[in-house]
Structure formats: structure tokens, C-alpha cells
2 protein chains.
Amino acid sequence: MAASAAADHGQRRASAIAAALVTNGDVDHVAGLLTLRERQPLSLYGTAGVMDVIAANPIFEVLSAECVERIRVPLDAPFEPVPGLTVEMFAVPGKVPLYLEKGDVSVGEVGEMTVGLRLSAGGQSIFYIPGCAEVTDDVRRRLSGAHAVLFDGTVFTDGEMEAAGVGAKTGRRMGHVPISGPGGSLEAFDGLGIGEKIYIHINNTNPILVEGSEERDRVEACGWRVAYDGMELDA
Amino acid sequence: MAASAAADHGQRRASAIAAALVTNGDVDHVAGLLTLRERQPLSLYGTAGVMDVIAANPIFEVLSAECVERIRVPLDAPFEPVPGLTVEMFAVPGKVPLYLEKGDVSVGEVGEMTVGLRLSAGGQSIFYIPGCAEVTDDVRRRLSGAHAVLFDGTVFTDGEMEAAGVGAKTGRRMGHVPISGPGGSLEAFDGLGIGEKIYIHINNTNPILVEGSEERDRVEACGWRVAYDGMELDA
């Protein structure tokens with residue numbers, strides 16, 4: 001979930017969040033909406049696919065329809081959730097949310113279930129892509145020359161969950177391209193002329209979280225920064 | 001949600017939580033389940049009414065059926081979620097979850113949607129009742145002589161939400177008997193011979209949260225304590 005600030009501070013319990021943009025329906029992207037209740041005026045934006053996933057769960061009615069408008073956004077169509085900020089949602093390779101997986105799961109599908117965001121203001125663009133199963137030519141083309149990219153840094157190596165003894169799935173199976181290795185994001189982003197490259201959505205098995213680790217040094221040597229709580233970006 | 005400890009610390013990501021007991025379906029009682037994902041072995045206990053509310057939300061499938069058994073518990077029937085701990089669920093006056101409210105809402109219904117817990121071990125009983133719209137004679141009878149009671153301390157006065165400018169509803173309308181006033185819990189619990197009386201589920205408008213406030217002094221003078229994060233109770 002990406003939240004954009006603006007604000008009605010008039011209400012005693014209002015937050016500064018005027019709009020929330022959801023990029024997929026998985027629990028780590030939508031459960032935060034439950035803490036924005038109960039009378040917080042807000043606009044909620046997502047693709048029809050993701051909004052259907054949310055609508056199928058009555059618990060999200062805590063975002064009362066009297067206060068929260070749910071807006072279905074077509075792919076590749078810019079909109080302005082708050083004045084002066086233009087957003088575009090675009091499909092990236094992904095999959096359905098884990099809790100809706102049934103039988104054989106198709107990972108890497110490009111559609112409405114997993115999107116990236118292009119946020120533009122003052123002539124500059126930032127991309128926010130917390131989940132991406134593969135850095136395709138389309139993704140590379142869109143991101144080329146961007147002011148900043150916040151990108152899926154879930155795992156450093158595709159098999160690190162199993163190596164750490166915490167799961168059997170690869171990063172790719174979870175819908176997350178690894179940082180290292182063939183086709184990894186370090187390699188795939190090389191030479192795109194991006195101003196700031198920042199890893200986000202970092203799993204607790206990922207050694208880039210450890211300052212001074214070999215892996216942290218390696219991503220920094222490739223021009224990446226590792227996001228942290230409270231990080232701010234200036235234009 | 002009440003969680004009882006036991007444990008499989010064998011798994012790297014396992015917590016000490018072996019069982020979770022849900023007392024109603026409102027968001028503050030069930031949303032925490034979403035953070036117990038994804039492969040945490042666990043048993044989940046609730047009445048059929050509350051379990052139906054959870055089942056109607058696919059997002060709770062993050063509690064994978066392979067790991068989490070959902071157990072429907074009849075009212076007034078003791079069960080043993082972990083060895084040595086006996087639990088009984090009993091109906092208290094309440095209402096449906098806020099996000100399922102439609103039209104005129106009947107508050108104070110006694111049924112499966114809002115329950116209290118009696119937790120017994122070593123010959124002693126503790127009651128956990130985070131939501132209760134009225135302290136009825138049945139509630140008083142059950143709690144009489146208990147070792148300890150953790151009880152709904154949402155609001156001090158029935159109209160404090162409106163007075164604070166954060167909402168139009170009374171405590172009772174939200175399913176929470178106030179602490180003070182006629183029929184309030186201070187009055188209703190008087191003379192029941194309860195060992196420890198502790199207020200829980202305290203709203204941020206409630207002045208008992210402020211140490212040294214008149215209201216805090218008053219509840220303490222009546223033999224109540226105010227719960228805090230990390231509070232522990234010894235037998």
C-alpha cells in the first residue's frame with residue numbers, strides 16, 4: 001500500500017492520509033487498511049482485480065462507504081489522487097494473493113493483480129514496485145531514466161527462504177524476482193540511468209538488511225540504497 | 001482475541017502461541033490473526049457465529065488450513081485448548097461486528113456474537129470479557145467469587161466519545177457498558193467478592209488511562225486496576 005499525504009487535520013482522529021493506492025491484494029498490502037478505520041475520510045485506489053479481492057472481504061467495510069470512496073483505476077491511465085500528484089498504475093509480472101492460491105499457481109502473469117505505480121509531480125517521476133516476479137523489457141523501458149525507483153528487494157537469492165529453514169518457496173514462486181543471480185534485479189537494472197535506486201519490501205531473511213554484510217556492500221556498490229523506516233526522499 | 005501460550009519453538013518462525021480464542025468478530029478482535037500467518041501451527045477457537053464471520057472473509061485463509069485448525073465451540077461447554085487449561089465461552093450482551101451492521105442494530109443481544117471467557121487452571125478461574133453491553137444478573141452470577149476478572153473498560157462515561165468530539169455513539173451503542181453511572185461496571189461489580197478486577201480494552205478517550213486523574217483514582221479506590229502493555233498476573 002502506498003499512501004499519499006494531504007490532509008484534513010480538522011477531525012480529532014483524522015490522519016494526514018488523503019488517498020491510499022493498493023498495488024496488489026496480498027495481506028501485507030491490504031491489511032493496513034484495517035487500521036485506517038473507522039471514520040477517516042480517504043480515497044482508495046486500485047485496479048478492478050484488486051478492488052474485487054478487497055470487496056470479497058466484508059471486514060473491509062470498517063472503511064465505511066460514507067467516508068471512503070473506492071475507485072477502480074484502469075491500467076496505464078494517469079489519475080490525480082491528490083492535487084498536483086499524478087499516478088499511473090501499470091501491470092508487472094505477479095500472481096494472485098497467497099490466500100487465494102488454488103492448485104497450480106501461475107506466477108509471472110501480467111495483469112491487474114500486481115501493479116507498479118508511477119508517481120509524478122513537478123516534472124519528476126518516482127516508481128513504486130513492491131512486488132515483481134521478473135524484470136521484463138517492458139518494466140525496464142518504463143523505468144529507464146526515472147528520478148527514483150523503489151523496487152522489490154524481498155530476497156537476495158532466489159532460494160534463501162529454504163536455505164534459512166523458514167520456507168520451501170523460492171522468491172520467484174512468491175512473485176518476487178531475486179536481487180542477485182541471472183535475471184536478478186541488480187543485473188536487470190544496470191545501465192537504465194535511474195537517479196535513485198532503493199530496495200523496499202525486504203524479507204527478514206535478506207542479508208542486505210545487515211549493515212556491513214557482503215551483500216549490503218554489493219548492492220550499494222551497484223548504486224542501490226536499502227530503505228529503512230522513516231526514510232524520506234527529496235526532489 | 002485471547003492467546004494462550006504453550007509452544008513449538010522448533011520452527012524458526014514459530015511463536016509461543018498454540019491457541020487463539022476469539023470472543024467476537026469485530027476488527028479489533030480478529031485482525032490480529034492476520035499477523036500470525038503464514039505457517040504458524042495454531043488452533044483457533046470461537047463460537048459458530050464468530051467463526052462464520054471469519055470464514056466469510058477469504059483473507060483469513062492466510063491462516064493456512066494445513067497449519068491452523070478452526071474449532072467451533074458451543075456456549076457453556078468447557079474445552080481444553082492447551083493441556084491443563086480449561087476454557088468456557090459464555091454469551092454476554094453484545095452486538096454484531098460494526099462492519100456487518102445494517103439498518104437498526106440490536107445492541108445487548110445475548111448470543112454467539114459476543115462472548116466472555118472463563119479460563120481455569122489449578123483450581124482458579126480468570127474471566128476475560130473485553131466487550132459487554134450490560135452487566136446482567138447472569139454475568140454477575142458467573143463472575144461472583146472469581147480469582148480475577150479482566151473486564152471491558154472501553155469508556156468511563158457513556159457519552160464520552162461525543163464529548164471528546166471523536167464520534168456520535170455512546171459506549172452502550174458500541175456494545176460497551178460504561179464504567180461510571182447507573183448500571184456502570186463500577187456499581188455492578190460491587191460486592192461480588194472478586195480477587196482482582198482489571199479494566200482492559202480501554203478507549204483512548206477514557207480518562208482512567210491518565211495516572212493521577214480523578215477517574216483513575218476513583219476506579220482504584222473501588223479496587224480496580226488499569227491494564228497496561230506487558231502486564232502479567234500471578235496465581
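This is a predicted model, so every value here is computed, not measured.

## Thoughts on the overall build of chain A
Scanning chain A from terminus to terminus reveals six helices and 11 strands. Its C-alpha radius of gyration of 18 Å places chain A within 12% of the 18 Å reference for a compact globule of 235 residues. Projected onto the principal axes, the alpha-carbon positions of chain A cover approximately 50 × 45 × 30 Å. Within chain A, contacts between residues separated by at least 24 positions form 62% of all contacts whose residues are at least 6 apart in sequence.

## Here we look at the sheet that holds strand β10 (residues 196-200) of chain A
Residue and element names in this part refer to chain A. Reading across the sheet, the seven strands line up as β5-β6-β7-β8-β9-β10-β11 and stay open at both edges, with mixed pairing between neighbours. Two strands in the sheet have a free side with no partner beyond their single neighbour: β5 (79-82) and β11 (224-226). With strand direction ignored, the average angle separating the axes of adjacent strands in the sheet is 30°.

## Concerning the nonpolar core
Counting 41 residues, the largest nonpolar core has L33(A), L44(A), I54(A) and L33(B) as its most contacted members. Sorting the residues of this core by element identifies α1 (27-30), β3 (42-46) and α2 (48-55) of chain A together with α1 (27-30), β3 (42-46) and α2 (48-55) of chain B as the ones contributing at least two each. Of all hydrophobic cores here, the second largest spans 25 residues; its members include F127(A), A146(A), F156(A) and A188(A).

## Things to note about the packing of aromatic side chains
The tally for this structure, following the rule as stated, stands at 10 aromatic pairs over all chains. Summarising the aromatic geometry, the rings of F90(A) and F127(A) are spaced 5.8 Å apart at their centres and angled 70° between planes, so their arrangement reads as edge-to-face. Taken together, the positions of F90(A) in strand β6 (residues 85-94) and F127(A) in strand β8 (residues 124-129) put the pair 37 residues apart, joining distant regions of the chain. Neither F90(A) nor F127(A) differs from the other in exposure class; each is buried. When the centroid spacing of 3.8 Å and the interplanar angle of 10° are considered together, the rings of Y199(B) and W224(B) count as stacked. Of this pair, Y199(B) sits in strand β10 (residues 196-200) while W224(B) is found in strand β11 (residues 224-226), placing the two residues 25 residues apart along the sequence. With relative accessibility at 0%, the residue Y199(B) sits in the buried group. A relative accessible area of 1% means that W224(B) is categorised as buried. An aromatic cluster is present here, built from F151(A), F189(A), Y199(A) and W224(A) joined pairwise through their rings.

## Focus on the interface of chain B and chain A
Listed as interface residues are 26 residues of chain B and, on the opposing side, 26 residues of chain A. Carbon and sulfur atoms supply 66% of the area buried between chain B and chain A, which totals about 2,000 Å² over both sides. Inspection of the region where chain B meets chain A yields zero salt bridges. Applying the counting rule to chain B against chain A returns two residue pairs in polar contact (both at pLDDT 80 or more). Per-element accounting of the side of chain B that touches chain A gives the leading share, three residues, to α1(B). When its residues are assigned to classes, the side of chain B that touches chain A shows 15 nonpolar, five polar and six charged.

## Some thoughts on the side chain of S213(B)
Relative to the assigned elements, S213(B) resides in the loop between β10 and α6 (214-221). One polar contact links the side chain of S213(B) to the main-chain carbonyl oxygen of P207(B), over a distance of 2.8 Å.

## So, the pairing of β5(A)
Residues and elements named next belong to chain A. Where β5 and β6 come together, two bridges link them in antiparallel fashion. The residue bridging F79 from the neighbouring strand is V87, located in β6. Here β5 hands over to β6 after two residues, with G84 in that stretch at a positive phi of 90°.

## Observations concerning the relation of the copies chain B and chain A
The pair of chain copies shares a relation made of a rotation about an axis and a shift along it. Mapping chain B onto chain A leaves a residual RMSD of 0.0 Å; the transformation is a rotation of 180° accompanied by 0.0 Å of translation along its axis. Such a combination of turn and shift is consistent with a two-fold rotation axis. When C-alpha distances to the rotation axis are compared across chain B, the minimum falls at N57(B), with a value of 2.2 Å. With an isologous cut-off of 70% or more, the 100% of interface residues of chain B that recur at the interface of chain A puts this contact in the isologous class.

## Examining α2(A)
Each α-helix winds once per 3.6 residues, and so residues spaced three or four apart point in a common direction. Turning to α2(A), its buried residues are G49(A), V50(A), M51(A), V53(A) and I54(A). In the core, the buried residues of α2(A) are packed alongside α1, β3, β4 (68-72) and β7 (109-121) of chain A.

## Description of the sheet that holds strand β7 (residues 109-121) of chain B
Neighbouring strands of a sheet are bound in pairs by backbone hydrogen bonds; such pairs are parallel or else antiparallel. Residues and elements named next belong to chain B. With mixed pairing, the seven strands of this open sheet are ordered in space as β5-β6-β7-β8-β9-β10-β11. Only two strands of the sheet have a single partner each, and these edge strands are β5 (79-82) and β11. Each neighbouring strand pair of the sheet contributes to a mean axis angle of 30°, computed without reference to strand direction. Here strand β9 (residues 148-152) runs beside β10; their pairing, made up of five bridges, is parallel. In the sheet register, D152 faces β10, and the bridge partner there is I200.

## Concerning the pattern of salt bridges
Applying the stated criterion to the full structure yields 24 salt bridges over all chains. For R172(A), the salt bridge identified is with D158(A), shortest N-O distance 3.6 Å. Of this pair, R172(A) sits in the loop between α4 (160-163) and α5 (185-188) while D158(A) is found in the loop between β9 (148-152) and α4, placing the two residues 14 residues apart along the sequence. By relative accessible area, D158(A) is classed as partly exposed at 22%. We note a salt bridge from E101(B) to K95(B), for which the minimum N-O separation is 2.9 Å. By relative accessible area, which is 10% here, K95(B) ends up buried. Among the charged side chains, a network of salt bridges with common partners joins D76(A), E88(A), D138(A), R141(A) and R142(A).

## Some thoughts on the confidence of the model for chain A
Residue and element names in this part refer to chain A. With 94% of its residues at a pLDDT of 70 or more, chain A has an overall mean of 92. This model gives residues 4-10 a pLDDT under 50, and the stretch forms 16 contacts once residues within four places in sequence are excluded. In the model output, the complex is listed with pTM 0.90 alongside ipTM 0.89.

## Focus: the pairing of strand β4 (residues 68-72) of chain B
All names here are of chain B. As defined by bridge partners, β3 adjoins β4 across five bridges and the pair is classed as parallel. Within β4, the position partnered with Y45 by the bridge is I71. Between the parallel elements β3 and β4, the chain passes through α2 in a crossover that is right-handed.

What counts and what doesn't
Residues numbered from 1 in each chain as written. Chains lettered and ligands numbered in written order. Predicted model: local features only at pLDDT ≥ 70, side-chain atom pairs only at ≥ 80, totals over all residues. Heavy atoms only, no water. Helix = DSSP H or I, 4+ residues; strand = E, 2+ residues; numbered from the N terminus. Rg over C-alpha atoms; globule rule 2.2 N^0.38 Å. Contact = heavy atoms within 4.5 Å. Pairing = 2+ DSSP bridges. Axes fitted to C-alpha atoms, helices over the stretch in contact; angles between N-to-C directions. Core = buried A, V, L, I, M, F, W, Y, C linked by side-chain atoms within 4.5 Å. Buried < 20%, exposed > 50% of the residue type's maximum accessible area, 1.4 Å probe, protein only. Phe/Tyr/Trp six-rings, centres within 6.5 Å; stacked < 30°, edge-to-face > 60°. Buried area = accessible area lost by both parts, 1.4 Å probe. Salt bridge = Lys/Arg side-chain N within 4 Å of Asp/Glu carboxyl O. Polar contact = N/O pair within 3.5 Å; in protein donor to acceptor, adjacent residues only side chain to side chain. Nonpolar A, V, L, I, M, F, W, Y, C, P; charged D, E, K, R; others polar. Least-squares fit on C-alpha atoms with pLDDT ≥ 70 in both. pLDDT = per-residue confidence, 0-100. Right-handed = clockwise from strand over helix to strand, strands pointing away.

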